[in-house]
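Here's the letter readout for the chains.
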2 protein chains.
Amino acid sequence: MTNNKIFASIITIGDELLIGQTIDTNSAWMAQELNKIGVWVKRRVAVGDTREDIWQALDEEAESSQIILITGGLGPTADDITKPLLCDYFGGKMIVNEQVYEHVKTIFLKLNRPLIERNLKQAEVPDTCEVLMNVRGTAPGMLFRKADRVFISMPGVPHEMKGIMKSSVLPLLQKEFQVPVILHRTLLTAGAGESFIAERIRSWEEALPSHIKLAYLPNYGMVRLRLTTSGIEKEALESDIDRLFLQLQELVKDILIVDTDTPLEKALGDLLIKKNKTLATAESCSGGYIAHLITAIPGSSVYFKGTVVAYAYDVKENLLGVQHETLEVKGAVSEETVTEMLKGLLATTSADYGIATSGIMGPGGGTPDKPVGTVWVAVGSKEKIVAKRLQFRFDRIKNIELTAANAMLMMFQLIENETEK
Amino acid sequence: MTNNKIFASIITIGDELLIGQTIDTNSAWMAQELNKIGVWVKRRVAVGDTREDIWQALDEEAESSQIILITGGLGPTADDITKPLLCDYFGGKMIVNEQVYEHVKTIFLKLNRPLIERNLKQAEVPDTCEVLMNVRGTAPGMLFRKADRVFISMPGVPHEMKGIMKSSVLPLLQKEFQVPVILHRTLLTAGAGESFIAERIRSWEEALPSHIKLAYLPNYGMVRLRLTTSGIEKEALESDIDRLFLQLQELVKDILIVDTDTPLEKALGDLLIKKNKTLATAESCSGGYIAHLITAIPGSSVYFKGTVVAYAYDVKENLLGVQHETLEVKGAVSEETVTEMLKGLLATTSADYGIATSGIMGPGGGTPDKPVGTVWVAVGSKEKIVAKRLQFRFDRIKNIELTAANAMLMMFQLIENETEK
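Cut-offs used in this document
- Residues numbered from 1 in each chain as written.
- Chains lettered and ligands numbered in written order.
- Predicted model: local features only at pLDDT ≥ 70, side-chain atom pairs only at ≥ 80, totals over all residues.
- Heavy atoms only, no water.
- Axes fitted to C-alpha atoms, helices over the stretch in contact; angles between N-to-C directions.
- Helix = DSSP H or I, 4+ residues; strand = E, 2+ residues; numbered from the N terminus.
- Parallel < 35°, antiparallel > 145°, perpendicular 65-115°, else oblique.
- Left-handed = near helix turned anticlockwise from the far one by under 90°.
- Contact = heavy atoms within 4.5 Å.
- Domains from an automatic or database assignment.
- Buried area = accessible area lost by both parts, 1.4 Å probe.
- Polar contact = N/O pair within 3.5 Å; in protein donor to acceptor, adjacent residues only side chain to side chain.
- Nonpolar A, V, L, I, M, F, W, Y, C, P; charged D, E, K, R; others polar.
- Salt bridge = Lys/Arg side-chain N within 4 Å of Asp/Glu carboxyl O.
- Pairing = 2+ DSSP bridges.
- Core = buried A, V, L, I, M, F, W, Y, C linked by side-chain atoms within 4.5 Å.
- Buried < 20%, exposed > 50% of the residue type's maximum accessible area, 1.4 Å probe, protein only.
- Lys, Arg positive; Asp, Glu negative; His and termini not counted.

Residues and elements named next belong to chain B. Between helix α2 (residues 26-36) and helix α7 (residues 158-176), the least distance of the axes is 11 Å, while the angle of their chain directions is 20°. Classed by the angle they form, the pair α2 and α7 counts as roughly parallel. For the pair α2 and α7, the sense of crossing is right-handed. Every residue of α7 that contacts α2 at Asn26, Trp29, Met30, Glu33 and Leu34 is listed here: Pro158, Met161, Lys162, Met165, Lys166, Leu170 and Leu173.

If you want it as structure tokens, here you go:
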């Protein structure tokens, strides 16, 4: 445990994780929040609803980390075995917690749902724990201490876990541990591969001080670069990492998209706000995914006008004014069609900028000259339109994601170039 | 290791997982595929790019499982330490693999990218491993054997990992291990809570044979119920689980949505195909997310016509024909507006059925009588429209997801009821 780091382990409990029925999004969120208060996640472990596996995970993680966070396994139904196990593991007996009891009753009253015995079982906790109230649900959080380790058990429902983390766990950990600072600086590049970048910045990278780590995170044909450091002296670390981050930005200036750890859709939104412009999309093959990414950003209604998802020919014609002849002669997946889609979109929504997509996402629908993964993207304004044919070779979901990422990148670059002049 | 189960552990390597920068979707996919061939995932562990942590994970997981699958840490850049570590762990020295060498050269030739020394390093592997070719990328998979355990290392890029799994790993494991069958049966319910269902089916659940497990998986106000069994005698198990699954369906008949493990958007699509009907959506607050969920399903172009994402007032008016007065007097988030959106959508797209949403997803935009989380949803056809006000209390993303799930559920139920008559 170098550098006096405070380490945490995350244990997630539930067979649904081990048979692949559920994707674990909790752990990423928890790791981010712990990072912000200077706690480093050392390990994440998922185990099934099996007594000995949970017990073993508790033993093992207590070896590695001072803080052990446990999610899942606390529901009211019979597949949940975590609470009795925790009672045995930490000693003690089950008692009814009055505060939780009243809280559960109040919730069911409010929801106007029948309250049954099983729900009131939620109010039972081991008498060796400190209860962390769960205002968003019925299963309480529980804190246990054993041999200078802190164990915290929370329900696996994401918004309930997040509520308990924010109101109880994070403030408590901050108070209890003398946490070092963890600092990250991340930038996003496009247009060059990981190896190419590595080669270009090699001598700079080799000269990095030992407390600064560089990571390459490739995705969707773009590469994120992340600098990380941690330690006690915040000011010195900050000055170090900021200086090196500026050097790094300079080294990748020509391929730099944004110098923060923001997703591309956020970077695009920020650019639109800065330029005081609006955007709309006309999506065929991306099926509304670009619109979803953009509207998932708070405040996007300021710059986002709307979308036409034109899956059917008649929607392309009626709502976007694509010529029937164009579709018949050139096909839906063609430069002519995406260009007409874009022109129609800009006319009908009065947006300053627009993105149009049309392609074959698979698994079906490919032809010899337009195989699965063929996509036409057009981006532009009333003044200027750029269209490009892309070729992907993955499954449907990945092809949709790549279409969205590349289309937003094209839009970002066009706006930046256009307004620079 | 009861029941002769074959156990696997999944180790994912990378700091990005521990600081929450990346959500681990690989593990869920791998677990599903392993399950299909009868391998049970016992544990999933994520560790950082740290030599001793990876080493420790290898030691520990070899204690629990016969098969250890490792992803991540194989890129061409300096943050990747996995390959040299594996070389030390299993003994041996690094050699150049000719087949991989040629493959890497071919890829760069095809992409027309400059090939640098660093890329050719990808062709170096420990001489103690068996190479598993990666046709989708440059970093090869590697198989090691140690004390009757099989260790397989793969790159973390999802489509590369999936390629190696399908072409090499899964066939190899099937051949090498006498795998028992794992069977799941899952159904989806809506309209009743977890505890309520548990209470209703209690006596049935208590009488389940010991080799059959029942799990409750609540999400978006719906509850999935999953039966699981595993063992050697496939026919007997199948007959057991199918009989019990039919009993379960009968017990929850009134709240049953679909008797397969399909997401709601797939169930809705299947219903539309069955009824030979088409669908369109008019989305304000859900911002294209419903369209995205529906179009992510292969073959959805058969029943999905398209979408208008109407974020701005003028898009609601121009493309959906919402009256300016309605927006001014009743507001964008009102029964009148969603109803007009739906009528306009059905007229303009000629879809048989439509979904319209309008709401305040937060964090900003709430008012005392329409707080953040207020949503109006309308679903219907030219003959019948049902509108409902919903109230959520979560963050923006979760509110969008809940809007989509509830709107699709309303649509599903309306179509089922309408066509039953």
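That shown, we press on.
Residue and element names in this part refer to chain A. Domain boundaries assigned for chain A yield domain 1 (2-176), domain 2 (181-258) and domain 3 (264-420). One C-alpha centre belongs to domain 2, the other to domain 3; they are set 32 Å apart. Across the boundary between the two partners, domain 2 contributes eight residues, which contact nine residues of domain 3. In this assembly, domain 2 packs against domain 3 so that about 680 Å² is buried in total across both faces, 73% of it on carbon and sulfur atoms. Considering only the surface of domain 2 that becomes buried against domain 3, Tyr220, Met222 and Ile257 emerge as the three largest contributors, covering 76% of it. Joining domain 2 to domain 3, the criterion identifies one residue pair in polar contact (both at pLDDT 80 or more). For the side of domain 2 that touches domain 3, the secondary structure elements donating two or more residues are β9 (181-190), β11 (222-231) and β12 (256-258). Here the residues of the side of domain 2 that touches domain 3 are counted per class, giving six nonpolar, one polar and one charged.

Here we take up the interface of chain A and chain B. Contacts between the two partners involve 99 residues from chain A and, on the opposite side, 100 residues from chain B. With both sides pooled, the region where chain A packs onto chain B buries about 7800 Å², and carbon together with sulfur makes up 53% of that total. One can count nine salt bridges joining chain A with chain B. Its salt-bridge partner being Lys305(B), residue Asp314(A) comes within 3.0 Å of it at the nearest N-O pair. Scanning the region where chain A abuts chain B turns up 38 residue pairs in polar contact (both at pLDDT 80 or more). It is strand β2 (residues 39-47) of chain A that contributes the most residues to the side of chain A that touches chain B, eight residues altogether. Of the residues in the side of chain A that touches chain B, the class split is 39 nonpolar, 31 polar and 29 charged. Direction of pairing for strand β14 (residues 304-310) of chain A relative to strand β14 (residues 304-310) of chain B: antiparallel, over a ladder of five bridges.

If you look at the biggest cluster of nonpolar residues, it comprises 44 residues, and the most contacted ones within it are Val308(A), Leu320(A), Met341(A), Val308(B), Leu320(B), Met341(B) and Ala356(B). Those residues in contact with Met341(A) that lie beyond four places of it in its chain are Ala282(A), Glu283(A), Ser284(A), Lys316(A), Leu320(A), Val322(A), Ala356(A), Thr357(A) and Ser358(A).

The next thing to look at is the side chain of Lys316(A). All names here are of chain A. When you line up the elements, Lys316 lands in helix α13 (residues 313-320). For Lys316, which is buried and forms no salt bridge, the nearest opposite charge comes from Asp314, at a distance of 8.4 Å. Those residues within four positions of Lys316 in sequence are excluded, and the remaining contacts are Ser284, Ala310, Tyr311, Gly321, Val322, Leu327, Ala332, Thr337 and Met341.

Next up on the list: the packing of helix α3 (residues 51-64) of chain A against helix α4 (residues 82-90) of chain A. Residue and element names in this part refer to chain A. The geometry of α3 relative to α4 is characterised by a closest axis approach of 11 Å and an angle of 50° between their N-to-C directions. It follows that α3 is oblique to α4 by the angle criterion. Pair α3 / α4 crosses with right-handed handedness. Of the residues in α4, those in contact with Arg51, Ile54, Trp55, Leu58 and Asp59 of α3 are Thr82, Leu85, Leu86, Asp88 and Tyr89. In the contact of α3 with α4, the residues fall into six nonpolar, one polar and three charged.

With that out of the way, let us pick up the environment of Asn97(B). Residues and elements named next belong to chain B. Relative to the assigned elements, Asn97 resides in the loop between β4 (94-96) and α5 (98-111). Taking C-alpha positions, Asn97 is 50 Å from Val258, a pair spaced 161 residues apart along the chain. What Asn97 contacts, discounting residues up to four positions off in sequence, is Ala123, Val125 and Val131. Within the structure, Asn97 has its side chain in polar contact with the backbone nitrogen of Val100 (distance 3.0 Å).

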